[in-house]
Amino acid sequence: MSLRKFLVVADDSPEFTTALKFACRRARSTGGHVAILRVIEPAVFEHWSGVRQEIERQARDEAEAVLQDLAAFVHEETGYPPEYLIVNAESPRAALKQVLGEDPDIKILVLAAAVGGRGPGALVAALAKDGVRWGDRKLPVTVVPGDLTEEEIADLA
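Residues numbered from 1 in each chain as written. Predicted model: local features only at pLDDT ≥ 70, side-chain atom pairs only at ≥ 80, totals over all residues. Heavy atoms only, no water.

Brief notes about helix 1 (residues 16-30)
An α-helix turns once per 3.6 residues; consequently, residues spaced three or four apart project the same way. Here helix 1 contains 15 residues, and its C-alpha end-to-end distance of 21 Å stays within 8% of the 21 Å for a straight helix at 1.5 Å per residue. At the C-terminal side of helix 1, Gly-31 shows a positive phi close to 75°. (Helix = DSSP H or I, 4+ residues; strand = E, 2+ residues; numbered from the N terminus. Expected span 1.5 Å × (residues − 1).)

In structure tokens, the structure reads:
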């Protein structure tokens, strides 16, 4: 049996929370689950490999802490714990391509657009420019306004 997963990219943007809330509501209303991707971009510290390794270890610890902080919220909203994905990649798009190539149960990518005239956000802009093909795989992308209220999320999801 295939599980329907809604994938959200956990970045440090203010609109990430909106994407997560929307994904949780959709997962709950459709019997799905939430997967949260945290991308660790490579440390640019070429001179001392020990320092680079320490920076990468700290980045991984931070990513794990961020995802653990989200666990209670996702479980409360969906009834299930989230799936955590931590990927070392050159960019969020490269990480998405890797994750989507490995997990056919991920059925929808949920992103939130930036608000306040800052443009749609880096990942949304990249998808608009480059398209939504992930290797041989096509995947629907849901882009929600980053400033949706709790009531609007409840109504739409």
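On we go.
Remarks on the layout of surface pockets
What the largest pocket holds in volume is close to 500 Å³. Lining of the largest pocket is provided by 28 residues; of these, Val-9, Ala-10, Asp-11, Asp-12 and Pro-92 occupy positions nearest its centre. Looking at the lining of the largest pocket, the elements that each hand over two or more residues are strand 1 (5-9), helix 1, strand 2 (33-40), helix 2 (49-78), helix 3 (92-102), strand 4 (106-113) and helix 4 (122-130). It is helix 4 that contributes the most residues to the lining of the largest pocket, four residues altogether. For the lining of the largest pocket, a count of residues per class yields 18 nonpolar, three polar and seven charged. (1 Å grid on protein atoms, 1.4 Å probe; cavity = no way out; pocket = protein on both sides within 12 Å on 5 of 7 lines; lining within 4 Å. Points joined across faces, edges and corners; volume = space filled by probe spheres on them. Nonpolar A, V, L, I, M, F, W, Y, C, P; charged D, E, K, R; others polar.)

Structural notes on the sheet that holds strand 3 (residues 83-88)
Overall, parallel pairing links the five strands, which are arranged 3-2-1-4-7 in an open sheet. Edge positions in the open sheet fall to strand 3 and strand 7 (141-145), since each of these has one partner strand only. The average undirected angle you get between the axes of adjacent strands in this sheet is 30°. Sheet analysis places strand 4 next to strand 7, joined by five bridges and oriented parallel. Counterpart to Val-110 in the pairing with strand 7 is Thr-142. The strands touched by helix 1 within the sheet are strand 1, strand 2, strand 4 and strand 7, with strand 1 carrying the most contacts at an inclination of about 175°. (Pairing = 2+ DSSP bridges. Axes fitted to C-alpha atoms, helices over the stretch in contact; angles between N-to-C directions. Contact = heavy atoms within 4.5 Å.)

As for the pattern of salt bridges
When their charged atoms lie close together, side chains carrying opposite charge are able to pair. Taken as a whole and judged by the stated rule, the model has eight salt bridges. Between Glu-83 and Lys-5 there is a salt bridge whose closest N-O contact spans 2.5 Å. One end of the pair, Glu-83, is in strand 3; the other, Lys-5, is in strand 1, with 78 residues separating them in the sequence. Each of the salt bridges in this network shares a partner with another, and the network as a whole consists of Lys-5, Glu-83 and Asp-103. (Salt bridge = Lys/Arg side-chain N within 4 Å of Asp/Glu carboxyl O.)

Remarks on the pairing of strand 1
In terms of burial, strand 1 is a largely internal element, five of the five residues being buried. The two faces of strand 1 match: Lys-5, Leu-7 and Val-9 on one face and Phe-6 and Val-8 on the other face are all buried. Taken together, the five bridges between strand 1 and strand 2 define a ladder with parallel strand orientation. When the sheet's bridge partners are listed, Val-8 is paired in strand 2 with Ile-36. (Buried < 20%, exposed > 50% of the residue type's maximum accessible area, 1.4 Å probe, protein only.)

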